[in-house]
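Structural features, examined
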Amino acid sequence: MKLFRTAGLCSAALIALAACTMQEETNLLVREWTGPFGGVPPFDQVEVDDFKPALEQGMALNLAEIDAITDNAEPATFENTIAPLERSGKALNRAIASYWVWASTMSTDEFREVESELEPKLAAFQDQINQNADLFARIEAVYESPEKDQLTTEQQRLVWDYYTDFVRAGANLSEADKARVAEINLRLATLYTDFSSNLLHDEESYVLYLNEDQLSGLPESFVEAAAAAATEREYDGKYAITNTRSSMDPFLTYSDERDLREQVWRTYYNRGDNGDEYDNNAGISEILQLRAERTKLQGYETFAHRAIEKQVAGTPEAAMDLLMKVWPFAVARVGEEVADMQAIANAEGADITIAAWDYRYYAEKVRKDKYDLDANEVKQYLQLEKLREAMFWASGQLYGFEFEQVDNVPVYHPDVRVWEVTRDGAHVGLWYFDPYARTGKRSGAWMNDYRAQERMDSEVTTIVSNNSNFVKGTPGEPVLISWDDAETMFHEFGHAIHGLNSDVTYPSLSGTNVARDYVEFPSQINERWLSTPEVLNQFALHHETGEPIPQELVDKIKQAATFNQGFATTEYLASALVDMKFHMIADPGDIDPDAFEREALAEIGMPDEIPMRHRTPQFAHIFSSEGYAAGYYSYLWAEVFTADAFEAFLEADGPYDPEVAKRLYDNVMSVGNTIDPAEGYRNFRGRDFDTNALMRDRGFPVDE
Ligand SMILES: [Zn+2]
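Read on for an overview of the structure. (Residues numbered from 1 in each chain as written. Predicted model: local features only at pLDDT ≥ 70, side-chain atom pairs only at ≥ 80, totals over all residues. Heavy atoms only, no water.)

1. Notes on the packing of helix α24 (residues 634-651) against helix α26 (residues 677-685)
- Running from N to C, α24 and α26 point in directions that differ by 20 degrees, and their axes come no closer than 11 Å. When the axes of α24 and α26 are compared, the pair comes out roughly parallel. You can see that α24 and α26 cross each other, and the crossing is left-handed. Judged by residue contacts, F641, D644, A645, E647, A648 and E651 of α24 engage Y681, F684 and R685 from α26.
- Within the contact of α24 with α26, the residues separate by chemical class into 5 nonpolar, no polar and 4 charged. (Axes fitted to C-alpha atoms, helices over the stretch in contact; angles between N-to-C directions. Helix = DSSP H or I, 4+ residues; strand = E, 2+ residues; numbered from the N terminus. Parallel < 35°, antiparallel > 145°, perpendicular 65-115°, else oblique. Left-handed = near helix turned anticlockwise from the far one by under 90°. Contact = heavy atoms within 4.5 Å. Nonpolar A, V, L, I, M, F, W, Y, C, P; charged D, E, K, R; others polar.)

What follows is the structure, encoded as structure tokens:
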């Protein structure tokens, strides 16, 4: 089967793969999993020293499996070529399941050394398979054989998937071109790693230390965290504003000190762009040149054309059309938002013109003024464990899932808990939950796949995890989270239930292995159940009184839902548009990314008051791997499906309408990549998707 390609959804890293020598002993990490539920990962026995031999052994085993396929003297058939290909690589994937857990949640200096040695090897290994001429010849023979018509629909889709992926990787190229592609991929693997470490350097090295008299406006919880961050860095008595989004965003929202806001803003948006040895511009220029050169060898017009070919959008033009459809409304909304903010500033006698470092600050004042919504008040009703129960309950209503915590499954950290998922009493899979922040765990929230559902030879069940970075409270005290964090929990759980709902035969087509601009649809739509009265009345309970969240507060949340959409949409769209423009250049030559960004933004009329959400030298989605390169548009594309699909529930009997839920399960949640997503969606909705649903959802005008 194909290798697990991502480090988890909502993250960007691509797995690439490298050759090696066979070990005598079978490494623990590649061995068949033992224990309950058809075997579980041996997380409690992992040693960092095991990773290198395990991955090397896994790669060697995989190459031996491929050799056995190509050594077959019989003419190629589905059964002697595609089927064994699907069975191959399982040992490597078992090792990689643990490798990714360590890479994303248990990283150490020792592990990072192993990682930087293994990543180029994995890249080379992947090319060794993609460029195997004998293997490709057999895949091509099956693809072109008239007998293909007698295969099942799922088998035909699998053959098509393998064939197109091999062609796209350059399996048809001359030996000289293949060698050049492999050389490019090796160089890119290093450039991607450099990009990430430069960014990390600038995030860790620029810390602003404040004195007690510079904290005006900042909420108590933020001040406490800033004090702890200063102490951690041996600046006792000071307050550390670190150069990360989770520090910058609240600081700019609440700090009354305009000069400091400007300083924090500039430092944050200059990450990777400081003209020193950690500057990312030269690396980006080389990445773009190498991508373009490789694209040309592979026979595509531009990198974007190749990247989007197998997505639902199909072409970069279609993706650009959607972005540009929303763009003018987002920019117009920014104009209105800035006018509201300027009015408040004027009324305060601030004597300023709203600048980029004022946006969040005055937006917060407008929010209080217009919607009277206090985020802190909402938080009192949002207990982490109650919300987990809420997610379980909603998925039970929609998909029939039941959850029971189990303690007979090994975990890699004491904070991790595991639940068995069943439906009608039958085992469906396992869900791991790793909620708390710790050193060595990357920021953000994501879902990770340890094992995909399939039934090629026997029934194999899903194992998935959800990961987040909540601050662990005092034992016995509930952890309170924000409304945004609650939405994110439902989002990641949506990825998990997409995996758990999978009901397919072949592992490569399983669960979340769908087009990049479709995969966020099951997760985004799951967010919608958070705000249903059924969930709020049962689970959004005050942590002290146990009272459900008052309707009045819920109404305020709903009214404020489209608030500040000018800002949020514009900062996102600008990044998505610049990503696309970079990757639609056929010949970037000696491109200056900084100048290109400026010109691209001027061309689309970017408002002065907003920067790109990810400026080019910080745009890890597109430059620390190929994960979201020419693909940042995907979030919006998936939102079109999300908004339109949720309207299907509202047009029926509401969010828990069983018939609509069943259609969603039948055509989206359970089918993985066994059918074309556009077709699956049409079967669900009875028509093609409607982009106006997205416009309504964001509170933008729609011409019907
Ligand atoms: Zn996601």
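Here the narrative resumes.
2. A short note on the pattern of salt bridges
- Evaluated as defined, the whole model comprises 49 salt bridges.
- One salt bridge in this structure joins E454 and K90, with 3.0 Å as the shortest N-O distance. Pair noted here: E454 is in the loop between β6 (446-451) and β7 (462-470) and K90 is in helix α3 (residues 90-105), with a separation of 364 residues, a long-range link.
- On the basis of relative accessible area, E454 is assigned to the buried category, the value being 4%.
- On the basis of relative accessible area, K90 is assigned to the partly exposed category, the value being 25%.
- Residue R258 pairs with D358 through a salt bridge whose shortest N-O separation is 2.6 Å. Of the two residues, R258 is situated in helix α10 (residues 258-269) and D358 in the loop between α13 (316-348) and α14 (359-371); the sequence distance between them amounts to 100 residues.
- Residue R258 is classed as partly exposed on the basis of its relative accessible area, which comes to 28%.
- Taking the relative accessible area as the measure of exposure, D358 reaches 0% and is therefore buried.
- Through salt bridges with shared partners, one network takes in D273, D594, E597, R598 and R615. (Salt bridge = Lys/Arg side-chain N within 4 Å of Asp/Glu carboxyl O. Buried < 20%, exposed > 50% of the residue type's maximum accessible area, 1.4 Å probe, protein only.)

3. Observations regarding the pairing of strand β4 (residues 417-423)
- In terms of burial, β4 is a largely internal element, 5 of the 7 residues being buried.
- Bridge count for strand β3 (residues 401-406) against β4 is 6 bridges, and the pairing is antiparallel. Bridged to V406 within β4 is V418.
- Across 7 bridges, β4 lies against strand β5 (residues 426-436) in antiparallel orientation. Along β5, the bridge assignment pairs V421 with G429.
- The loop that links β4 with its antiparallel partner β5 comprises 2 residues; one of these, D424, has a positive phi angle of about 50 degrees. (Pairing = 2+ DSSP bridges.)

4. Digging into α26
- Every buried residue of α26 is listed here: P677, G680, Y681, F684 and R685. Across the axial projection of α26, the buried residues extend over an arc of 120 degrees, all falling on one side.
- Where α26 is buried, its residues meet α6 (153-169), α18 (520-527), α24 and α25 (658-669).
- The N-capping residue of α26, defined by a side-chain oxygen 2.9 Å from the backbone nitrogen of A678, is D676.
- Following α26 by one or two positions, G686 has its phi on the positive side, about 80 degrees. (Arc of directions from axis to C-beta. Polar contact = N/O pair within 3.5 Å; in protein donor to acceptor, adjacent residues only side chain to side chain.)

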